[in-house]
Amino acid sequence: MDAQDKKVIDSIHFEKMLDYAQRLIRIPSINPPADYSEIHRIVYEEIKKMGLEVETFEGHPGKINVFSLLRGSDPKGQVLCLSGHMDVVPAGDEKAWKYPPFAAKVHDGKIWGRGAADMKCALAAKLYALEAVKRSGVPLRGSVIVGNTVDDEIAGIWGAKYMVEKGLAGRGWPLPSFHVVGEANRLNITGSFKGRLWLRLTTKGKAAHGGAPENGINAVDKMIRLIGKIREIPRVTHPLMGRDTLNLGILKGGTKVNIVPEECEAHFDFRMCSPADTTSSLKWFQETIQKLKAEDPEFEVGNFEFYERRDPLEVNFALPAIEVAKTCIQDVKGKAPVMDGTLSAGDAYHSLKKGIPGIFLGPGDMKVIHQANEFLEIEEMNQAAKIYALLIMRLCR
């Protein structure tokens, strides 16, 4: 670590960063309903106060992304994008929480609350890393973008996808050449991502009196049979991504106990590893339905649709930018990062599909996200800010 690197990381305002992270957590930017009116204003004002270039990008009413830019001297230089999402999942049963989920309580060296690990502390670390670099006055050849996006939690199209495909270019901003998403991975490097299919299926039946079910066709019974067959989908295992998974996330059918249900609906989340893909997986689902139809003349599927489709993706771990990221982590944590895979590419999916290499590198443990008592160790947020600052210095200086 050279003198300029040390000067920058020693100048990060950790107390201000913690205060900012708490303010973000205290805003319940739950998705749905995805109200960004308050959080986008807080983010915008914080960036403006730092003297950084800042703009809002609203591709659809209410979907307000906030991006900051520190321009380098070379228009053709490296463009590093550090991004994260502002939305969070619902808190669930608040009685299950040790502290109120939106209180941002600091206790025992941790900050507690919905969004602490996923991923408002990462947003704070990225911004305050950039602020430290700017304040240092170190000239940069490359440019740095810090992005605060919407709708990651619902795989929406008006966040990272919109920004990569239209938003940045539409304002004359440069596209990233390397993208770092602050998803919780204990400050390791994640570059291998499962694909996913979100499917909605309905089985059709025939209503009849519940006391004479032989006069009807029970759509719930048909769905139970279909679920059993779907659970037999072939699974593959990948050295970094892990194993294919199937989750039955929604199941609903029937209207009254004394009526044979005429319709049943199920939603499935299937995550596949390479070399499987969404095309081969969809084909398997369709063939399974056709086999059931051939076996049972009364078996009928009403709707069969997918509303989310992403193939597995992997980045080249030998890329120079990733080698730089490894040294930044090593210098801050004192040990080499784990190179791993995970269950989804999240916001990195859209940049990867556009040919922009990207990784996850963020504070927090994935095991605590989307659960009660989500927390993040404050020291890990401090380490994240140092790593991001070093990454800016070493890729863009």
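Since we're looking at a predicted model, the values are computed, not measured. Starting from 1, residues in each chain are numbered consecutively following that chain's sequence as written. Note on the predicted model: pLDDT of at least 70 is required for a residue's local features to be given, and 80 or more for side-chain atom pairs to be given and counted; whole-chain, interface and lining totals, by contrast, use all residues. To get the side-chain values, take all heavy atoms of the structure and skip hydrogens and water.

1. Here we look at the overall build of the protein chain
In terms of helices and strands, the protein chain carries 10 helices and 18 strands. With a 1.4 Å probe rolled over the protein chains alone, any residue whose accessible area is under 20% of its type maximum counts as buried; one over 50% counts as exposed, and the rest are partly exposed. The buried share of the protein chain, taken over its 397 residues, is 55%. Whether two residues are in contact is decided by their heavy atoms: any pair within 4.5 Å suffices. Across the protein chain, every contact between residues at least 6 apart in sequence was considered, and the portion connecting residues at least 24 apart equals 81%. Of the roughly 17000 Å² of accessible surface on the protein chain, a fraction of 51% belongs to carbon and sulfur atoms. Charge-centre separation for the protein chain: the mean point of 53 positive side chains lies 2 Å from the mean point of 51 negative side chains. Runs of E in the DSSP output that reach at least two residues are strands. Runs of H or I that reach at least four are helices, and both are numbered from the N terminus. What sets the accessible areas is the Shrake-Rupley method with a 1.4 Å probe; for residues, cover comes only from the shown protein chains. Charge convention: Lys and Arg are scored as positive, Asp and Glu as negative, and His as well as the terminal groups of each chain are ignored. For charged residues, the charge sits on one atom: NZ in Lys, CZ in Arg, CG in Asp, CD in Glu.

2. A short note on the pattern of salt bridges
Salt bridge, as used here: a side-chain nitrogen of Lys or Arg that lies within 4 Å of a carboxyl oxygen of Asp or Glu. For the coordinates displayed, the defined rule picks out 30 salt bridges. Asp365 is the salt-bridge partner of Arg186, the closest N and O atoms lying 3.8 Å from each other. With Arg186 in the loop between strand E7 (178-181) and strand E8 (189-193) and Asp365 in the loop between strand E17 (358-360) and strand E18 (375-377), this residue pair connects regions lying 179 residues apart in the sequence. Taking the relative accessible area as the measure of exposure, Arg186 reaches 34% and is therefore partly exposed. For Asp365, a relative accessible area of 24% translates into the label partly exposed. Across the salt bridge formed by Glu305 and Arg200, the nearest N and O atoms sit 2.9 Å from each other. Of the two residues, Glu305 is situated in strand E14 (residues 300-310) and Arg200 in strand E9 (residues 195-204); the sequence distance between them amounts to 105 residues. By relative accessible area, which is 36% here, Glu305 ends up partly exposed.

3. Observations regarding the nonpolar core
To form a nonpolar core, buried Ala, Val, Leu, Ile, Met, Phe, Trp, Tyr and Cys residues must be joined to one another through side-chain atoms within 4.5 Å. Leu80, Val180, Ile359, Leu361, Met381, Tyr388 and Leu391 are the most contacted members of the largest nonpolar core, which has 84 residues in total. In terms of residue count, helix H4 (residues 116-136) provides more of this core than any other element does, 14 residues in total. Each residue touching Ile359, except ones within four places of it in the same chain, is listed here: Phe178, His179, Val180, Val181, Ile189, Thr190, Val315, Ile322 and Ala325. Core analysis: the second largest hydrophobic core is formed by 22 residues, Leu199, Ile227, Phe270 and Leu282 among them.

4. Side note on helix H6 (residues 219-230)
Taking 1.5 Å as the rise per residue, H6 with 12 residues should run 16 Å; its terminal C-alpha atoms sit 16 Å apart, in good agreement. Among all positions in H6, only Ala219, Lys222, Met223, Leu226, Ile227 and Ile230 are buried. Looking straight down H6, one finds that the buried residues subtend no more than 140 degrees of arc, so they occupy a single side. On the buried face of H6, the contacting elements are E9, strand E12 (245-253), strand E13 (263-272) and helix H7 (278-295). Residue count minus one, scaled by 1.5 Å, sets the expected span of a helix. To be clear, the arc concerns the directions from the helix axis to the C-beta atoms.

5. Some words on the sheet that holds E12
Read across the open sheet, the four strands follow the order E12-E13-E9-E14; overall the sheet is antiparallel. Bordering the open sheet on either side are E12 and E14, each of which pairs with just one other strand. On average, each strand axis in the sheet is tilted by 15 degrees relative to the strand beside it, whichever way the strands run. Judged from the 10 bridges that link them, E9 and E13 form a sheet pairing that is antiparallel. Within the sheet, the bridge partner assigned to Leu201 lies in E13 and is Ala266. Relative to E9, H6 is tilted by about 150 degrees, and along the sheet it contacts E9, E12 and E13. Together, E9, E13 and E14 form the strand contacts of H7, whose direction differs from that of E14 by roughly 170 degrees. Strands pair, by our definition, only if DSSP identifies at least two bridges between them. For helices, the fitted axis covers only the stretch in contact; all axes are lines through C-alpha atoms, and the angles between them, taken along N-to-C directions, range from 0 to 180 degrees.

6. Focus on the layout of surface pockets
Taken as a whole, the largest pocket spans an internal volume of roughly 780 Å³. Taken together, 30 residues make up the lining of the largest pocket; nearest its centre are Glu153, Trp198, Asp269, Arg271 and His370. For the lining of the largest pocket, the element with the highest residue contribution is E13, accounting for four residues. Along the lines of polarity and charge, the residues of the lining of the largest pocket split into 14 nonpolar, eight polar and eight charged. Cavity means a closed set of points on a 1 Å grid over the protein atoms alone, one where a 1.4 Å probe fits but cannot get out, pocket means an open set with protein on both sides within 12 Å along at least 5 of 7 lines, and lining means a residue has an atom within 4 Å of a point. Forming the walls of the second largest pocket are 14 residues, and the residues nearest its centre are Lys161, Glu165, Arg310, Tyr349 and His350. Every element with two or more residues in the lining of the second largest pocket is listed here: helix H5 (160-170), E14 and helix H9 (348-353). No other element matches E14, which puts four residues into the lining of the second largest pocket. Grid points are joined across faces, edges and corners, and a volume is the space filled by probe spheres set on the points. Under this grouping Gly is polar, as are all residues other than the nonpolar Ala, Val, Leu, Ile, Met, Phe, Trp, Tyr, Cys and Pro and the charged Asp, Glu, Lys and Arg.

7. Looking at the packing of aromatic side chains
Within 6.5 Å between ring centres, the rings of Phe, Tyr and Trp (the latter by its six-membered ring) count as paired, and their orientation is classed by plane angle as stacked under 30 degrees, edge-to-face over 60, tilted in between. A complete count under the given rule lists 10 aromatic pairs for this structure. Through successive ring pairs, a cluster of aromatic residues spans Phe57, Phe67 and Trp173. It is Arg171 that lies over the ring of Phe57; its NZ or CZ is 4.5 Å from the centre. Criterion for a charge above a ring: Arg CZ or Lys NZ at most 6 Å from the ring centre, at most 35 degrees from the ring normal.

8. Quick notes on the pairing of E8
Taken across its five residues, E8 has five buried, putting it largely inside the fold. With four bridges connecting them, E8 and strand E16 (residues 339-342) associate as parallel partners. Residue pairing for E16: Ile189 is matched across the bridge by Met339. Pairing of E8 with strand E15 (residues 313-314), which is carried by two bridges, proceeds in the antiparallel orientation. Bridge pairing in E15 links Phe193 to Leu313.

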